[in-house]
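For reference, the chains in residue letters:
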Amino acid sequence: MSEATGKKAVLELDGKKIELPIYSGTLGPDVIDVKDVLASGHFTFDPGFMATASCESKITFIDGDKGILLHRGYPIDQLATQASYLETCYLLLSGELPTAEQKTDFENKVRNHTMVHDQVSRFFNGFRRDAHPMAVMCGVVGALSAFYHNGFDVENVDHREITAVRLVAKIPTLAAWTYKYTIGQPFVYPRNDLSYAENFLYMMFATPADRDYKVNPILAKAMDRIFTLHADHEQNASTSTVRLAGSTGANPYACIAAGIAALWGPAHGGANEAVLKMLDEIGSVENVAPFMEKVKTKEVKLMGFGHRVYKNFDPRAKVMKETCDEVLSALGINDPQLELAMELERIALSDPYFIERKLYPNVDFYSGIILKAIGIPTEMFTVIFALARTVGWISHWLEMHSGPYKIGRPRQLYTGSTQRDIKR
Ligand code: SDX
């Protein structure tokens, strides 16, 4: 629980003083409770929520200046290298890493919910085959709300908990089927004898004609680590979207679909796809210098760089880069785009334009190069991000519903027409 510090901020308005309480968390900046500003007839104003703490949370902590990311107190590099994605899911959902018994029990629960109602498979047919996979995901995940609505009671903790398991379990199936649909191959059903990441890659790349398809363990390990690196990230745009939708009491599957929609944007989760397109456009190292000039004149952004919170290296980018090196060398792949990305990073990190603006590589800068090595097409990159972030979204949804909350309803600075009458 946040601690009232006893300290107060004093706002002086029109000769009156308003005392605003200050609260402390366990880590990070104190916060000023501004709700009493309303009594003065003013709103606070913070477009983009640059300085706004929207809620109290115990799930993830980010120190943007130091490049620190903790999930329930554990550093992301330790989770990515010493825990599985499902162990990280358990941690995000419950607050603790699982014991061996709890891990087995959770894996079995997830395994028993990887199938979807057979009628869900028919929703895909409404899409063109060349639909963007994120458009399909918005649709089919939202459609799950039609199968789990009647009888769902958001006040019932058991209903909430099974929802979390169902979403973690089913999202890989729907993501793989989204890919299969866009390439015109039949859906491949999940198998109970495979691990989470293996099962996803199996559903992505196996075909009925290749009954003995085996997932490369190097790729399965890399996939699992990529899922962990994308699992949660505090109150980012898509997580805030899920919380806002959830604050109305909306169906949780519909809330997750709202999160998928928000993640799709190139300023957010869509950046991983945009990085590969940017590397394709640059083409070779010789073209880096003129491209950087276009960045500085703001004609283009250096996708995969910059972050609202990190003003230092994104710790996930560091692990992603190490994984990139491991996977490419293990597979014997010499990807010129990796060399191009490293040259872009080298130049950016030594250029005053980027240094002054504290622009560093973020989670999206290297992820696409590994995903490409795993065989995942560029348009599916953000679907992978959505798959992995579903556990973060539902963890925040659970946290919000586990205590008192109010519907989110921001106000505005109105600069439109004053009242006027229709004159006919
Ligand atoms: C994710 O919030 C999260 O936690 C998100 C995420 C998560 O896990 O959920 O971490 C995932 O979304 C990572 C970010 C992926 N997006 C990109 O890589 C797209 C490229 N990055 C930018 O669009 C931008 O950096 C943002 C959107 C990420 C952050 O933007 P801000 O915080 O609003 O910063 P800003 O746009 O005000 O930029 C400050 C300055 C500006 O220059 P000036 O006006 O001061 O001259 O930096 C410049 C910007 O033009 N700038 C960039 C840049 N990012 C910022 N210039 C060139 N290339 C960039 N990528």
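Residues numbered from 1 in each chain as written. Predicted model: local features only at pLDDT ≥ 70, side-chain atom pairs only at ≥ 80, totals over all residues. Heavy atoms only, no water.

## Quick look at the overall build of the protein chain
Argument step 1. The secondary structure content of the protein chain amounts to 16 helices and six strands.
Argument step 2. Relative to the compact-globule value of 22 Å for 424 residues, the protein chain shows a C-alpha radius of gyration of 23 Å, a close match.
Argument step 3. Taken over the C-alpha atoms alone, the protein chain extends approximately 80 × 65 × 60 Å along its principal axes.
Argument step 4. For the protein chain, buried positions account for 47% of its 424 residues.
Argument step 5. Restricting to contacts in the protein chain with at least 6 residues of sequence separation, those with at least 24 account for 70%.
Argument step 6. A total accessible area of about 21,300 Å² is found for the protein chain, and carbon and sulfur atoms account for 53% of it.
Argument step 7. If you average the places of the 45 positive and of the 50 negative side-chain charges in the protein chain, the two averages end up 5 Å apart. (Helix = DSSP H or I, 4+ residues; strand = E, 2+ residues; numbered from the N terminus. Rg over C-alpha atoms; globule rule 2.2 N^0.38 Å. Buried < 20%, exposed > 50% of the residue type's maximum accessible area, 1.4 Å probe, protein only. Contact = heavy atoms within 4.5 Å. Areas by Shrake-Rupley, 256 points an atom, 1.4 Å probe, with all protein chains shown as cover. Lys, Arg positive; Asp, Glu negative; His and termini not counted. Charge placed at Lys NZ, Arg CZ, Asp CG, Glu CD.)

## Overview of the domain arrangement of the protein chain
Argument step 1. Taken domain by domain, the protein chain holds domain 1 (3-53) and domain 2 (79-403).
Argument step 2. For domain 1 versus domain 2, the distance between C-alpha centres works out to 35 Å. (Domains from an automatic or database assignment.)

## A look at helix α7 (residues 217-229)
Argument step 1. Look at α7: 18 Å from first C-alpha to last across 13 residues, which is about the 18 Å you get at 1.5 Å a residue.
Argument step 2. With 10 of its 13 residues buried, α7 lies for the most part within the structure.
Argument step 3. For α7, the full list of buried residues reads Leu 219, Ala 220, Ala 222, Met 223, Asp 224, Arg 225, Ile 226, Phe 227, Thr 228 and Leu 229.
Argument step 4. Of the surrounding elements, those touching the buried residues of α7 are α1 (76-82), α2 (85-94), α6 (196-205), α12 (315-331), α15 (364-374) and α16 (381-401).
Argument step 5. By the N-cap criterion, in which a side-chain oxygen at the helix start approaches the backbone nitrogen of a residue two or three places on, α7 is capped by Asn 216, the distance to Ile 218 being 2.7 Å. (Expected span 1.5 Å × (residues − 1). Polar contact = N/O pair within 3.5 Å; in protein donor to acceptor, adjacent residues only side chain to side chain.)

## A short note on the environment of Thr 163
Argument step 1. With respect to the secondary-structure elements, Thr 163 resides in helix α5 (residues 157-183).
Argument step 2. As a C-alpha pair, Thr 163 and Phe 152 span 11 residues in sequence and 9.5 Å in three-dimensional space.
Argument step 3. Only 2.7 Å separates the side chain of Thr 163 from the backbone oxygen of His 159, close enough to count as a polar contact.

## Points about the pattern of salt bridges
Argument step 1. Tallied over the full model, the rule gives 17 salt bridges.
Argument step 2. A salt bridge links Lys 35 to Asp 33, with the nearest nitrogen and oxygen atoms 2.6 Å apart.
Argument step 3. For Lys 66, the salt bridge identified is with Asp 63, shortest N-O distance 3.9 Å.
Argument step 4. Overall, the relative accessible area of 17% leaves Asp 63 in the buried class.
Argument step 5. A single network of salt bridges, built from pairs that share partners, joins Glu 293, Lys 296 and Asp 351. (Salt bridge = Lys/Arg side-chain N within 4 Å of Asp/Glu carboxyl O.)

## Notes on the UniProt feature "active site" (unreviewed entry) in the protein chain
Argument step 1. Per the UniProt annotation, the sites labelled "active site" (unreviewed entry) are His 307 and Asp 364. Taken together, the annotated residues stretch across 58 residues yet fold into one region, lying no more than 10.5 Å apart by C-alpha.
Argument step 2. As for its placement among the helices and strands, His 307 is situated in the loop between α11 (288-296) and α12.
Argument step 3. Leaving out residues up to four positions away in the same chain, His 307 has contacts with His 233, Arg 316 and Asn 362.
Argument step 4. Inspection of the secondary structure puts Asp 364 in helix α15.
Argument step 5. Not counting residues within four places of it along the chain, the set of residues in contact with Asp 364 comprises His 230, His 268, Gly 269, Ala 271, Asn 272, Val 275, Gly 304 and Phe 385. (UniProt positions renumbered as here; feature names shortened; annotations may be inferred.)

## Examining the site of the ligand
Argument step 1. Taken together, 23 residues sit near the ligand, with His 233, Lys 298, His 307, Arg 316 and Arg 389 positioned nearest.
Argument step 2. Between the ligand and Leu 302, the relevant distance is 2.8 Å, taken from a nitrogen atom to a main-chain nitrogen or oxygen of the residue.
Argument step 3. Arg 357 is positioned such that a nitrogen or oxygen atom in its side chain is 3.1 Å from an oxygen atom of the ligand.
Argument step 4. Here the ligand has 1,000 Å² of accessible area as a free molecule, and 76% of this is covered by the chains.
Argument step 5. Of the residues in the shell around the ligand, the class split is nine nonpolar, seven polar and seven charged. (Near = heavy atom within 4 Å. Nonpolar A, V, L, I, M, F, W, Y, C, P; charged D, E, K, R; others polar.)

## Quick word on the pairing of strand β5 (residues 68-71)
As a general feature of sheets, a regular strand has side chains that alternate between the two faces.
Argument step 1. Pairing analysis gives four bridges linking strand β4 (residues 60-63) to β5, with the strands arranged antiparallel. Opposite Phe 61, over in β5, you have Leu 70 as the bridge partner.
Argument step 2. In textbook terms, the turn of a hairpin is the stretch between consecutive antiparallel strands, and for β4 and β5 this stretch comprises four residues, one of which, Gly 67, has a positive phi near 65 degrees.
Argument step 3. The pairing of β5 with strand β6 (residues 74-75) spans two bridges and is antiparallel. Along β6, the bridge assignment pairs His 71 with Tyr 74.
Argument step 4. Count of turn residues in the β5/β6 antiparallel hairpin: two residues, of which Arg 72 carries a positive phi of about 50 degrees. (Pairing = 2+ DSSP bridges.)

## Section: the sheet that holds strand β2 (residues 16-24)
Argument step 1. One open sheet accounts for three strands, arranged β1-β2-β3; its pairing is antiparallel. Looking at the sheet topology across the chains shown, the edges are occupied by β1 (3-13) and β3 (31-32).
Argument step 2. In the sheet, β2 pairs with β3 via two bridges, with the strands oriented antiparallel. Across the sheet, Tyr 23 pairs through a bridge with Val 31, a residue of β3.

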